[in-house]
Amino acid sequence: MNGAEALLRTLTDAGVTTCFSNPGTSEMHFVAALDSEPRMRAVLTLFEGVATGAADGYARMADAPAATLLHLGPGLGNGLANLHNARKGHVPVVNIVGDHATTHVRYDAPLQSDIETVARNVSTWVRRSQSPQEIGRDAAETIAAANGPPGAVATLILPADVSWSNGAQPASPPPAPAPASVPQETLEATARALRSGGRCALLLGGGALRERALRAAARVAAASGARLLCEVFPTRLQRGAGLPALERLAYLPELAGVQLAGLQHLILVQSTAPVSFFAYPGRSGELVPNGCEVHELADLAQDAAGALEALAELLGPERSEIQLQAPARPPAPRGALTAERVCEAIGTVLPEGAIISDESQTSGVALAPSTAGAPPHDVLALTGGSIGQGLPVAVGAAVACPERPVFALQADGSALYTIQSLWTMAREQLDVTVVIFRNDAYAILELELQRVGARAADSKARAQFDLSNPSLDFVSLAAGFGVPARRADTSEGILDALGWAAAEPGPHLIEAVVPSVFSPRRLRTLPYALRTLEALPRPIASAIKRRVYPS
Ligand SMILES: Cc1ncc(C[n+]2csc(CCOP(=O)(O)OP(=O)(O)O)c2C)c(N)n1
């Protein structure tokens, strides 16, 4: 058995049965070995950022890692942004990077580079396999490192001669350890804080946003009066009718600050104390209010659902009813198309079990309220802020869950970083409905420019955010990649197009032509930003309004 064959056996024996690839010459033996391993599905991508993002999306939905297959340092570099997002989301990825044969390194041939340095940026584990005798064990240890807990990007560097040489054997990773139980003292300290009479909130992240943990958190909230908050960019949030409703922390620090104001105890459950996404001149980056005590109930390696259930038991009977989201759909939108109406249209049709890959950016401000009462679904968010994640994550989610409809809700600028994802959707006939919010702008950056106080109307600076010259034609782009596409510029048109996409198998793209939500005029006149928040109590909403729209 050669090294590549042993590697594939090790992967598939351990349940790593999907590989998102973009190979080159140094990976040819791995590619050839695919023919002898029927359990491995190999999904070709046309850019490494698609492969790495798809591996992320796959693992979020399958709860098991996929492998990548990347070509030396440059291939890894191309895939780095989405490995960064996976790292921030604590998503397991078995990241396989081919390299020159060990004997070839001394020549500094054209593709020679320092792979380890690139890999370390995103990987908690980097292993260069040195011989076919070691590849099985190296692969097994890489899988174990990816599985954690917590999940992580683990990189295995695979020299070509390790792949092609004989004498290799598969190995088995140790079974992934169960997450550690939260100690009784921590449960009791948390219960004391919750009983203290001070204003409390639980900030849920990571695996605490899955159904079992959410239901236990809702019991804790009902027993203690604590609020339930969700981190800004969840890796995987289960939500919809019948599930506990959460208030998602806002991206804008002004809004998050209002949500957190007055809290005396903030209890972290697989999340970290909130900080603002960026620094702004003269403002603190920390969002936890002065005087608020921060407690950690469970970290990412611990059993969050078990801890929340034990905490609910400890707190005793609920004092108020457990809050579950009531079923509700927005009315079908009518008239000229806006980003909000696209979100409402999605809320009217979202089927049970849908998976939303959300990279809608500013156009998605109305998405949360429009879909809150839709049938249960999963939302996968932009965990690391590195744009170009939405389409690849949709690819991976659709490969992991072929029975579930996937919606890639996608801002136009972000879509173009990894637009080659469309080709993989077509080739694999994935059930993905891509909705492009075509606002012809990097709208969020227009907002940020205003927020940092720059005055730049009609300037060279504003041209940096303008995507309208030339205007992008996503219908033609999709056709070029083999995905049927339509354009919608009315509410009726988007509803029609969503019906068309649902009626046929395979991928579809809908280009929704919308005005920018954050154009300076609309920003001043309408409290759009409020809508980023789910289930926002009225006093908080008005406080935010006063702070963000003082006039
Ligand atoms: C890899 C990477 N490059 C650049 C950025 C900076 N950036 C953040 S948002 C954005 C533009 C987003 O535009 P679009 O996707 O069209 O969404 P919109 O703001 O218009 O809603 C850019 C360039 C980033 N976050 N990540």
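None of the values given here were measured: they were computed from a predicted structure.

Procedures and definitions
Residues numbered from 1 in each chain as written. Predicted model: local features only at pLDDT ≥ 70, side-chain atom pairs only at ≥ 80, totals over all residues. Heavy atoms only, no water. Phe/Tyr/Trp six-rings, centres within 6.5 Å; stacked < 30°, edge-to-face > 60°. Helix = DSSP H or I, 4+ residues; strand = E, 2+ residues; numbered from the N terminus. Buried < 20%, exposed > 50% of the residue type's maximum accessible area, 1.4 Å probe, protein only. Polar contact = N/O pair within 3.5 Å; in protein donor to acceptor, adjacent residues only side chain to side chain. Contact = heavy atoms within 4.5 Å. Near = heavy atom within 4 Å. Areas by Shrake-Rupley, 256 points an atom, 1.4 Å probe, with all protein chains shown as cover. Nonpolar A, V, L, I, M, F, W, Y, C, P; charged D, E, K, R; others polar. Salt bridge = Lys/Arg side-chain N within 4 Å of Asp/Glu carboxyl O. Core = buried A, V, L, I, M, F, W, Y, C linked by side-chain atoms within 4.5 Å. Pairing = 2+ DSSP bridges. Axes fitted to C-alpha atoms, helices over the stretch in contact; angles between N-to-C directions.

J.: If you had to explain the packing of aromatic side chains to someone new, which residues and values would you point to?
T.: Under the defined criterion, the tally for this structure stands at 5 aromatic pairs. Ring geometry for Phe20 and Tyr58: centres 6.2 Å apart, planes at 65°, overall edge-to-face. Of the two residues, Phe20 sits in strand β1 (residues 18-21) while Tyr58 sits in helix α3 (residues 48-62), which places them 38 residues apart along the sequence. For the pair shown, Phe20 and Tyr58 are each scored as buried.

J.: Could you give me a rundown of the side chain of Gln238, with the residues and numbers involved?
T.: Its location among the elements puts Gln238 in strand β9 (residues 237-239). Among the polar contacts made by the side chain of Gln238, one reaches the main-chain amide nitrogen of Glu211 at a distance of 2.7 Å. Ignoring sequence-local partners within four residues, the contact set of Gln238 consists of Leu209, Arg210, Glu211, Leu214, Leu243, His377 and Asp378.

J.: Break down the site of the ligand for me, with residues and values.
T.: The ligand sits among 17 residues. The nearest are Thr362, Asp412, Ser414, Ala441 and Ile444. Between the ligand and the protein, one listed contact pairs an oxygen atom with a side-chain N or O atom of Thr362 at 2.5 Å. A distance of 2.7 Å separates an oxygen atom of the ligand from a polar backbone atom of Ile444. Within the complex, 78% of the 580 Å² of free accessible area of the ligand lies under protein. Mapped by element, the contributors of at least two residues to the shell around the ligand are α16 (412-415) and α18 (443-451). Here the residues of the shell around the ligand sort into 8 nonpolar, 8 polar and 1 charged.

J.: Give me the lowdown on the pattern of salt bridges, citing residues and values where you can.
T.: Any two side chains of opposite charge can pair, on the condition that their charged atoms come close. For the coordinates displayed, the defined rule picks out 26 salt bridges. Close ionic contact of Arg210 with Asp63 constitutes a salt bridge, the shortest N to O distance being 2.6 Å. With Arg210 in the loop between β7 (200-204) and α10 (211-224) and Asp63 in the loop between α3 and β3 (67-71), this pair connects stretches of sequence that are 147 residues apart. Accessibility expressed as a relative area gives 53% for Asp63, which makes it exposed. Here Arg127 ties to Glu141 by a salt bridge, and the two come within 3.0 Å at their closest N and O atoms. A residue pair is termed long-range when its members are at least 10 positions apart, and Arg127 in strand β5 (residues 125-128) and Glu141 in helix α7 (residues 132-147) qualify at 14 residues. In this structure Glu141 comes out as partly exposed when scored by relative accessible area, which is 30%.

J.: Outline helix α15 (residues 390-400), listing residues and values.
T.: Within α15, 10 of the 11 residues are buried, leaving the element largely enclosed by the surrounding structure. Listed as buried for α15 are Gly390, Leu391, Pro392, Val393, Ala394, Val395, Gly396, Ala397, Ala398 and Val399.

J.: Give a description of the nonpolar core that names residues and reports values.
T.: Core analysis: the biggest nonpolar cluster contains 61 residues, and Leu202, Leu204, Val269, Leu308 and Ile494 have the highest contact counts within it. For this core, the leading source of residues is α10, giving 8 residues. Apart from residues no more than four positions distant in its own chain, Leu204 is found in contact with Leu209, Leu214, Ala217, Leu229, Cys230, Glu231, Leu246, Val269, Ser271 and Leu308. Residues Leu391, Ala398, Leu422 and Leu509 belong to the second largest nonpolar core, which totals 47 residues.

J.: Got a sec to walk through the sheet that holds strand β18 (residues 508-513)? Specific residues and values, please.
T.: The sheet built from 7 strands is open, its strands ordered β9-β14-β13-β15-β16-β18-β17 with mixed pairing. The strands lining the two open edges of the sheet, one partner per strand, are β9 and β17 (485-488). For this sheet, the mean angle separating the axes of adjacent strands, direction not counted, is 20°. One ladder, built from 6 bridges, connects strand β16 (residues 432-438) with β18; its direction is parallel. Within the sheet, the bridge partner assigned to Val435 lies in β18 and is Ile510.

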